[in-house]
Amino acid sequence: MVADAKTEGLLFRGFEKMLRGRSPFDAVYFTQRICGICSTAHSVASSLALESALGIIAPQQGRYLRDIIHGCEFLQNHIRHFYQYTIPDFVKLPQGNPLYETVHNDFRLPKAKNDIIAQHYFDSLEISCSAHEMLAVLGGKAPHNHGVFIGGATSHATPEAISRMRSILQNIRQFICTKMVPDACTVAEYYKDYFEIGRGCGNLLSFGCFNDYERLGTLYVDPLVYSDGAVSGLDPSEITENIASSWYADSPATYTPFQAIAEPDIKKGGAYSWIKAPRYKGLPFEVGPLARMWLCGGYRNGISAMDRNLARVMEAKKVTEILLVLLNSLIPGFCSQEVYQIPQSALGAGMLDTTRGALGHWIKIDGGVIAFYQIITPSAWNLSTRSEDHLPGPGEAALIGTAVRDTDHPVELGRIIRSFDPCVSCATHIYSKGSLIRTVQVMP
Amino acid sequence: MNQENSSCSFLMKLETASMLFHRAAEAVRQKRIPKRNLIWLELTGCAGNIISLLDGANPDFKGLVLRLVNLLYENSLMAAEGGKAMEKLFSAANGDYILAVEGAVSTKDGGLYTVIGRWKGQPITAARAIQEFGPKASYVISVGTCASDGGVSAASPNPGECVGIQSLLERKVIKLPGCPCNPDWFLGTLAYTVLYGEPKLDGRQRPLLFYSTLIHDICPRRPYFDQGIFASKPGEKTCMFKLGCRGPVTRTDCPIRKWNNRVNWPIGDNSPCIGCAMFGFPDKMEPFIRYDVT
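Given the structure is predicted, the values throughout are model-derived calculations rather than measurements.

Here we take up the interface of chain A and chain B. The extent of an interface is frequently quoted as the accessible surface area lost upon association of the parts. Listed per partner, the contact involves 63 residues of chain A and 67 residues of chain B. Here the residues of the side of chain A that touches chain B are counted per class, giving 32 nonpolar, 21 polar and 10 charged.

This is the structure:
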């Protein structure tokens, strides 16, 4: 049984320091390089932060263009996460290929069902690829798109572009409905015990997703939180970040997003990760597809490793429906761009939900350049370290108390952590009765 | 050599990657050449290059792992995890292998800013990984700008003290910059290498196959430049020279090859080139967006 767990983020580059002194417009491109599988997320958050700082309200058509690009990223991510990152845990892929060799034997699907899903693993490669193709129609290229910017996007919708996107979307939707959803249900059927493990902290949060359109209203979910059995509105002023257990100098140990940027200190005693500890009202909160589906009332089955995987697949289906609405709302030829001026000094925040959960960019402009840039990613929420009061993060909490059947092959741990769709390498330590039994590395 | 390649017709260049790939895969199938081992390391970076590789279309990722090579180690995609994955990495290095690396190498504080796993109780830093697996590889290919030259990971003030992988290796690295590297550039270079050995490289160790022409020289918006018709902001259809477009200094075939199954490319999207495949990206290519450079 896992007595204690620490999630370690073992990669640090220092984007917040790098951004200082650069042109604010460049942040839209620069921050994308934080991550290759969700780069669109950062371009959108950055554009929102800049719009907030410059006092610009993007025209609705611009928002549709940008959100379509963003929606494509959701589809790419969720299909890849399900088939390339999740399925190999539960479905035996062709063992002749060295990439798929695995030594654990907790594969429970009967051969016929196993092989169907294994085939879908390969079929899905073209589908997720086509999601990026669809993204590039408006976004120029993927990863690291060019279309998203202040005001919406630099690209225009043409009738040809719209019909091309519709056709790709139709194909993706068919794959999700006829293969991905049934595959997820099949896995859930044979691994029912995963509904009982990996619960985490039980608190859920969203910054809002595909919401607050003038004419369309909210297509998915508003900024909400779930805690103690109740849903309530999100209050951004309750967001803090804590670095008690992270490799940063302790001054201050807790701060609000606009207040401070932590300085790295790899020699800090008691720290074990580069990942900080975002908190809402001082508590850890889980973010991601399960949080969103729960908060909008679309999925309330439970909070567990398997619930997370199911919610992600159902969200993929939902995003195809949202994209269709947005595509149908496009007016061809609309140009959302103006000549934007950078003020001498300004403050702005861009907060939205993206593939893995809530993402925030907070910018301060001074002397016409970036003076301060704070980024809190969804993986920081989910794989958060312990805060000062020793509350574990959602990922850590999800692992603690898990019964591991075979400590030589602790398959449960990887499956639980990967249900969060983590965007970092992380390691888990299994402790039993106070002594370190072994360190298990789990890499997403 | 330069002359020869840059005078190739564009049509031939467009088919280069798929042609080479199918030729190589067929040679493997007929056992005229061995199926080589490939190790892919993700170091200090965003893993955008493996995602870009997954976005390949004719040639594609499926073809790579089923027909061309044995992909022995790839952090994100392999089924094995933890200690078992590390075992595979270290045992793969005992035989013949080609090493593809994305991400720079963080050197600060003994390299502890990037740890890719643990082996025999020790953290394997990106620096250790490169020094362990680089020298013995039959070829080393740096995929993406970070591995080739530091890239965004090394952007000022370079908190992780990141460097491109060549800085830590004596032996030659074949460099494929790009942010990310276009899957055709990687798959085409890999196919050429297993068929014929090292391709002709320019003075920056980039294959002339893919890195010989300036974007500006083959840009579809060049007539606007030549007539002095310039865009005043992104979103317009004319030449973006006055917005700071880096097409005039960037040496890739993006205007022809485009991205994501030839669907589009940054300039086609009415936004300027930011020189992501250039040495010195991002610092020397910034600011990316300006309204009227002149």
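Now that the structure is up, let's keep going.
We now examine helix H8 (residues 305-328) of chain A. The first and last C-alpha atoms of H8(A) sit 35 Å apart over 24 residues, in line with the 34 Å expected at 1.5 Å per residue. Of all 24 residues that make up H8(A), 17 are buried, and the element is covered over most of its length.

A separate point is unusual backbone geometry. Residues and elements named next belong to chain B. For the bond from Cys179 to Pro180, the omega torsion is 5°, close enough to zero to count as cis. Assignment of secondary structure puts Pro180 in the loop between strand E9 (174-176) and helix H8 (183-196). Of note, the amide linkage connecting Phe281 to Pro282 takes the cis form, showing an omega dihedral of 5°. With respect to the helices and strands, the residue Pro282 is situated in the segment after helix H11 (254-257).

Three- or four-residue spacings in an α-helix give side chains the same orientation, since the helix completes a turn every 3.6 residues. Looking at helix H5 (residues 82-92) of chain B, one finds that the buried residues are Gly82(B), Ala85(B), Met86(B), Leu89(B) and Ala92(B). Down the axis of H5(B), the buried side of the element spans an arc of 130°, and every buried residue falls inside it.

Moving on to the domain arrangement of chain B. All names here are of chain B. What the domain assignment lists for chain B is domain 1 (2-209) and domain 2 (215-285). Taken over C-alpha atoms, the centre of domain 1 sits 26 Å from the centre of domain 2. On the side of domain 2, 14 residues touch domain 1, which itself brings 17 residues to the contact. Counting only elements with at least two residues in the side of domain 1 that touches domain 2, the list comes to helix H2 (10-29) and helix H7 (145-149).

Let us now look at the pairing of strand E4 (residues 224-227) of chain A. Residue and element names in this part refer to chain A. As paired strands, strand E3 (residues 204-206) and E4 are joined by 3 bridges and run antiparallel to one another. Pairing of Leu204 across the sheet is with Tyr226, part of E4. Bridging between E4 and strand E5 (residues 230-233) involves 4 bridges; their strand directions are antiparallel. Its bridge partner lying in E5, Val225 is registered against Ser232. Counting the residues between successive antiparallel strands, the hairpin from E4 to E5 contains 2 residues, one of them, Asp228, with a positive phi of roughly 55°.

With that settled, the discussion passes to the packing of helix H4 (residues 60-90) of chain A against helix H6 (residues 159-190) of chain A. All names here are of chain A. Remark: H4 packs on H6, axes separated minimally by 12 Å, with the N-to-C direction vectors making an angle of 30°. Between H4 and H6, the crossing angle belongs to the class labelled roughly parallel. The element H4 and its partner H6 pack so that their crossing is left-handed. On H6, the residues that touch Leu75, Ile79, Phe82 and Phe90 of H4 are Ile172, Met180, Ala184 and Val187.

All names here are of chain B. Note on placement: Phe21 falls in helix H2. C-alpha of Phe21 to C-alpha of Pro287: the two residues are 266 residues apart in sequence and 37 Å apart in space. Discounting chain neighbours no more than four positions away, the residues touching Phe21 are Pro59, Gly63, Leu187, Gly188 and Ala191.

Keep in mind that low pLDDT regions are not for reading the predicted coordinates in detail. Residue and element names in this part refer to chain B. When pLDDT is averaged across chain B, the result is 92; 96% of the residues are at 70 or more. Between residues 1-7, whose pLDDT stays under 50, and residues either more than four places distant or in other chains, the model counts 8 contacts. Predicted as a complex, the structure gets a pTM of 0.94 and an ipTM equal to 0.93.

Scoring rules and cut-offs
Residues numbered from 1 in each chain as written. Chains lettered and ligands numbered in written order. Predicted model: local features only at pLDDT ≥ 70, side-chain atom pairs only at ≥ 80, totals over all residues. Contact = placed C-beta atoms within 7 Å. Nonpolar A, V, L, I, M, F, W, Y, C, P; charged D, E, K, R; others polar. Helix = DSSP H or I, 4+ residues; strand = E, 2+ residues; numbered from the N terminus. Expected span 1.5 Å × (residues − 1). Buried ≥ 20, exposed ≤ 12 C-beta atoms within 10 Å, placed from the backbone. Arc of directions from axis to C-beta. Domains from an automatic or database assignment. Pairing = 2+ DSSP bridges. Axes fitted to C-alpha atoms, helices over the stretch in contact; angles between N-to-C directions. Parallel < 35°, antiparallel > 145°, perpendicular 65-115°, else oblique. Left-handed = near helix turned anticlockwise from the far one by under 90°. pLDDT = per-residue confidence, 0-100.

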